[in-house]
Amino acid sequence: VDLIGKGGDGGSGAWSFRREKVIPLGGPDGGDGGNGGSVIVRADPNADNLAGLTMKKHWKARNGDSGGGARRTGANAEDVVLLVPPGTIIRDRDRGNILKDLVKPGDELIAAKGGRGGRGNVHFKSSTNRTPRQFEPGEEGEERWISLELKVIADAGLVGFPNAGKSTFLSRVS
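The paragraphs below set out a description of the structure included in this document. (Residues numbered from 1 in each chain as written. Predicted model: local features only at pLDDT ≥ 70, side-chain atom pairs only at ≥ 80, totals over all residues. Heavy atoms only, no water.)

Here the focus is the pattern of salt bridges. Applying the stated criterion across every chain, the model contains 10 salt bridges. As a salt-bridge pair, Arg93 and Asp94 come within 3.7 Å of each other at their nearest N and O atoms. (Salt bridge = Lys/Arg side-chain N within 4 Å of Asp/Glu carboxyl O.)

Structure (structure tokens):
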């Protein structure tokens, strides 16, 4: 199964100044942006095949929220988790190399990492720059094509004495 994972972009920092009646020179108070969500592939013992992932090729996590005034930080986005059965091999489709072999239940791989949120203007203040008018935009999320491959485990086995015709039987049936 080939699919593309896109991590969410980070939210941008805020550009804000504190304005109150009792504090005439409040200074900068722009908050940071939230982090974007990641696309995670996790081995789950309750999953038995990759059929649920064949219908949808594009898996995108949400973007982080922007920061606000009064040093309010934007919300981090939730991760998108793809549940696959144990024994799934994850390959980078473009390069062909194996990223991870999910053997045990609970093993996981971050297929596409979300972007980090930007800093608000409160981080740029100093003794010489008391009214910073700059802030950081959020970083872009990672985007990657991956290929999921399920190792096939035999459902039945042939057991018998030597020269009992196991190979002959298998060659005639298949």
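There's more to say after this.
A few words now on a nonpolar patch on the surface. Together, Leu158, Phe169, Leu170 and Val173 make up a nonpolar patch on the protein surface, roughly 410 Å² of accessible area in all. Examined against the element boundaries, Val173 turns out to sit in helix H1 (residues 166–173). Taking relative accessible area as the criterion, Val173 reaches 58% and is therefore assigned exposed. (Patch = residues over 30% accessible without salt bridge, like charges linked within 9 Å, V, L, I, M, F, W, Y side chains within 5 Å. Areas by Shrake-Rupley, 256 points an atom, 1.4 Å probe, with all protein chains shown as cover. Helix = DSSP H or I, 4+ residues; strand = E, 2+ residues; numbered from the N terminus. Buried < 20%, exposed > 50% of the residue type's maximum accessible area, 1.4 Å probe, protein only.)

Summed over the entire model, instances satisfying the criterion amount to 1 aromatic pair. Each ring, one from Trp15 and one from Phe17, has its centre 5.6 Å from the other, and the planes form 85 degrees; the classification is edge-to-face. For Phe17, a relative accessible area of 21% puts it in the partly exposed group. Here the guanidinium or amino end of Lys56 rests over the ring plane of Trp59, the centre of that ring lying 4.4 Å away. The lysine or arginine in question, Arg93, covers the ring of Trp145, its NZ or CZ lying 4.1 Å from the ring centre. (Phe/Tyr/Trp six-rings, centres within 6.5 Å; stacked < 30°, edge-to-face > 60°. Lys NZ or Arg CZ within 6 Å of the ring centre and 35° of its normal.)

Strand order in the open sheet formed by 3 strands is E4-E2-E7, with mixed pairing between adjacent strands. Both edges of this open sheet fall to strand E4 (80–84) and strand E7 (108–112), since each of them pairs with a single strand only. Each strand axis lies, on average, 25 degrees off the axis of its neighbour in the sheet, ignoring direction. As defined by bridge partners, strand E2 (residues 39–43) adjoins E7 across 4 bridges and the pair is classed as antiparallel. (Pairing = 2+ DSSP bridges. Axes fitted to C-alpha atoms, helices over the stretch in contact; angles between N-to-C directions.)

What follows deals with the sheet that holds strand E6 (residues 98–102). Pairing is mixed across the open sheet formed by 5 strands, whose spatial order is E3-E1-E8-E5-E6. Unpaired on one side and paired on the other, strand E3 (58–60) and E6 mark the two borders of the sheet. Within the sheet, the average angular offset between the axes of one strand and its neighbour, ignoring direction, is 25 degrees. Sheet topology note: the strand E5 (residues 88–92)/E6 ladder contains 4 bridges and is antiparallel. The residue bridging Arg91 from the neighbouring strand is Ile98, located in E6.

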